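If you want the building blocks of each chain, they are given just below.
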Amino acid sequence: MPQALRNTFLTLRDLIVSAGPLAFLAVGLLIAAYWWLNPNPPKSVTLATGPAQSAYEEFGKRYQKALAADGIEVVLKPSAGSSHNLQLLRDGEADLAFVQGGTAELLPDDPDNLASLGSLFVEPIWLFYRADSALRVNAAGRLDNLRQLRGLRVNVGSEGSGVPRLMEQLLEANRVELKQVRLSQLEQTPATVAFLDGKLDALVFASAPESLMVQMLLQTPGVHLMDFAQHEAYARRFPYLTPVTLPRGVVDLASNIPPLDARLVATTTSLLARDGTHPALLTLFAQNAQKLHGGASWFNRAREFPSTRHSELPIAKEGERAINEPVPMMQRYLPFWIANLIDRMWLVMGLLIAVLLPLSRIVPPLYQFRVRSRVFRWYGRLREIEDTLESNPAGHPDMLKALDGLEAQVEKISVPLSYADELYALRNHIQMVRKKLMRVQAGGVAEEAPAAQPTEQAG
């Protein structure tokens, strides 16, 4: 190996050995912090949606497509509706779910175990009725009051949807006893088939206007949408309801559907998450909610949703941040997983730097000690030779061999150029002791010569 390369290798080795303990400590603390914070989210998450062909199912597919761009698989879990979704969250069978306000009774521990990512959209109470059935109630063939449902066959949705409970409250507020209405709780699709076949007089469900069922029924001949003339009063009586208006012609301008403004009451649907769902996943869902629900629709203007209003549960900090703050700068330029890692680890990294920076000051002295020790440890051997010379001058031949061996060892020492002066100083000191040995040797020869002269003269 060339000497220059060998010197470089030795220098790197000394640096690694000197800084190694500190580096191992830093890596160990980073691993422990990563394990504790768990910054990267799981690759799969379960979202409870709703019945087939519902708005929940449609929105679930949109979230599925949006999060796939960040490598997250959204598993859609069909359900009977809002109440069922809430139970799936409580049972841990879903990580997130769409839940309508007021359609399910909250338990005392729900605020501790569930959080909201904000209100996403309004879901009107759609009460469709058959025109021929309405003629039996009044000659105008129009319904505008829940009291007019007495004696009619009305499907109020499946139990898991939460609509039956909501309708019970609305009928009670109108002093209509449940036995006065022929209620049924069929699933949405079979109920719609029965309704169109004339086996039901009215059909009630809560859904966003994106629902295919809503779009179809609004344009079905002989089917009318009930106008809630008292929608403002309903909103005052029930805080989870919002008065909305379906504008004339919004469904089909050419056909003027609906022919008149329809006053409705609407619940507000939120995206709920159970406790323990990874914060990064909540951030992804909350940020994508801005894109999926931030536009204008039949019942709201652009950027009205998502919102922190109308929430029955605490708003998660991830939802609050996504709704009220701009997208973090790092996420604009970096992949989400990198930006999320930095965002969740920067505080820990700052603390590690604050702790390790003072400790790093021991690295230069330790490195200096390691390099200099390769030189200084031979001074002990040199001193032994010199002390032996002073105590036993007669043994200088053996000491000369020891000095030769010491010099041979010192010639093999390699040190960085910045420490070469100490190596050469050691070599100079070895030469000084060698000269001292030579003087002792010369002095011994000089003493022996006069003692030998009388013997030669006697001869």
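As a reminder, the structure under discussion sits directly above these lines.
These numbers were taken from a predicted model, which means no experiment stands behind them.

Draft legend 1. Seen up close, the overall build of the protein. Helices and strands together make up the secondary structure of the protein, namely 16 helices and 10 strands. Split into buried and exposed, the 459 residues of the protein put 44% on the buried side. Considering only contacts in the protein between residues 6 or more positions apart, those separated by 24 or more positions represent 76%. Within the structure as shown, the protein displays about 24,600 Å² of accessible surface, and the carbon and sulfur contribution to it stands at 58%.

Draft legend 2. The arrangement of the nonpolar core in detail. Within the largest apolar cluster, 52 residues are counted, with the highest numbers of intra-cluster contacts made by Trp126, Leu127, Phe128, Leu146, Leu218, Phe228 and Leu246. Elements supplying a minimum of two residues to this core: β4 (114-130), α6 (163-173), α7 (188-196), β7 (202-206), α8 (212-218), β8 (223-225), β9 (241-246) and β10 (262-274). Top contributing element to this core by residue count: β4, with six residues. Counting 26 residues, the second largest nonpolar core, distinct from the first, contains Val45, Val74, Phe121 and Ala273.

Draft legend 3. View of the packing of helix α10 (residues 279-293) against helix α11 (residues 317-324). One way to put it is that α10 packs onto α11 with a least axis distance of 8 Å and a crossing angle of 30°. With respect to α11, the axis of α10 lies roughly parallel. As α10 runs across α11, the sense of the crossing is right-handed. Two secondary-structure elements touch here, α10 through Pro279, Leu282, Thr283, Ala286, Gln287 and Gln290 and α11 through Glu318, Gly319, Ala322 and Ile323. Here the contact of α10 with α11 is built from residues that sort into five nonpolar, four polar and one charged.

Draft legend 4. Broad picture of the packing of aromatic side chains. Going through the model one piece at a time under the given rule, you end up with 11 aromatic pairs. Between Phe228 and Tyr234, the aromatic rings sit 5.8 Å apart at their centres with planes inclined by 75°, giving edge-to-face as the arrangement. Residue Phe228 shares its accessibility class with Tyr234, and that shared class is buried. Through pairs of rings, three or more aromatic residues link up here, namely Tyr56, Phe59, Tyr63, Phe98, Phe121 and Phe285.

Draft legend 5. Geometry of the pairing of β4. Judged by how many residues are buried, β4 sits mostly within the fold: 16 of 17 residues are covered. Inspection of the sheet shows β4 paired to β10 by eight bridges, in the antiparallel sense. Directly across from Glu123, in β10, lies its bridge partner Thr267. Across five bridges, the pairing between β4 and β7 is antiparallel. Across the sheet, the residue bridging to Leu127 is Val204, located in β7. Pairing of β4 with β8 involves three bridges; the strand directions are antiparallel. Each bridged residue has a counterpart across the sheet, and for Arg130 the counterpart in β8 is Val223.

Draft legend 6. Geometry of α6. Buried within α6 are the following residues: Val163, Pro164, Leu166, Met167, Leu170 and Leu171. Looking straight down α6, one finds its buried side chains confined to an arc of 160°; they lie on one side. Here the buried face of α6 lies against β4, β7, α9 (231-237), β9 and β10. Immediately downstream of α6, the backbone of Arg175 shows phi near 60°, a positive value.

Draft legend 7. Structural view of the pairing of β10. Of all 13 residues making up β10, 11 are buried, and the element is well covered by its neighbours. With five bridges connecting them, strand β3 (residues 96-100) and β10 associate as antiparallel partners. Following the sheet pairing, Leu96 is matched in β10 by Ala273. For β9 and β10, the ladder comprises six bridges, and the chain directions are antiparallel.

Draft legend 8. How the structure looks around the environment of Leu146. Tracing the backbone through its elements, the reader meets Leu146 in the loop between α5 (131-135) and β5 (153-155). The exposure class of Leu146 is buried, given its relative accessible area of 0%. Distance from Leu146 to Leu171, taken between C-alpha atoms, is 6.7 Å for residues 25 residues apart in sequence. Filtering out sequence-adjacent residues up to four positions away, Leu146 remains in contact with Leu127, Met167, Leu170, Leu171, Asn174, Val176, Met226, Phe228 and Tyr234.

Draft legend 9. How the structure looks around the packing of helix α2 (residues 55-68) against α10. Contact geometry for α2 and α10: axes closest at 10 Å, N-to-C directions at 120°. Judged on the interaxial angle alone, α10 and α2 are oblique. Handedness of the α2/α10 crossing: right-handed. Contacts between α2 and α10 pair Phe59, Arg62, Tyr63, Ala66 and Leu67 from the former with Leu284, Phe285, Asn288, Ala289, Leu292 and His293 from the latter. In the contact of α2 with α10, the residues fall into eight nonpolar, two polar and one charged.

Conventions adopted
Throughout this document, residue positions are counted from 1 along each chain, in the order its sequence is written. Local features in this predicted model are restricted to residues whose pLDDT is 70 or higher, and side-chain atom pairs enter the listing and the counts only when it is 80 or higher, whereas totals over whole chains, interfaces and linings include all residues. Calculated side-chain values reflect all of the structure's heavy atoms, with hydrogen atoms and water omitted. Only DSSP runs of H or I covering at least 4 residues are called helices, and only runs of E covering at least 2 are called strands; the numbering of each starts at the N terminus. To sort residues, take the accessible area from a 1.4 Å probe on protein chains only and compare it with the maximum for the residue type: under 20% means buried, over 50% means exposed, and anything in between is partly exposed. Two residues qualify as a contact provided that any one of their heavy atoms is within 4.5 Å of a heavy atom in the partner residue. Residue exposure ignores everything except the shown protein chains as possible cover, and the areas themselves are Shrake-Rupley values with a 1.4 Å probe. Residues belong to one nonpolar core when they are buried, are Ala, Val, Leu, Ile, Met, Phe, Trp, Tyr or Cys, and are joined through side-chain atoms within 4.5 Å. Axes here refer to lines fitted to C-alpha atoms; in helices the fit is confined to the stretch in contact. Angles between the N-to-C directions go from 0 to 180 degrees. For classification purposes, angles smaller than 35 degrees are called roughly parallel, those larger than 145 roughly antiparallel, those between 65 and 115 roughly perpendicular, and all remaining angles oblique. Each crossing is labelled by how the near helix is turned from the far one, with a counterclockwise turn of less than a right angle marking it left-handed and a clockwise turn marking it right-handed. Only Asp, Glu, Lys and Arg are considered charged in this grouping, and only Ala, Val, Leu, Ile, Met, Phe, Trp, Tyr, Cys and Pro are considered nonpolar; every other residue, Gly among them, is considered polar. The aromatic pairing rule takes the rings of Phe, Tyr and Trp, using the six-membered ring of Trp, and pairs them if the centres are within 6.5 Å, calling planes under 30 degrees apart stacked, those over 60 edge-to-face and the rest tilted. Two strands are counted as paired when DSSP detects at least two bridges linking them. The arc in question is the one traced by the directions running from the helix axis out to the C-beta atoms.

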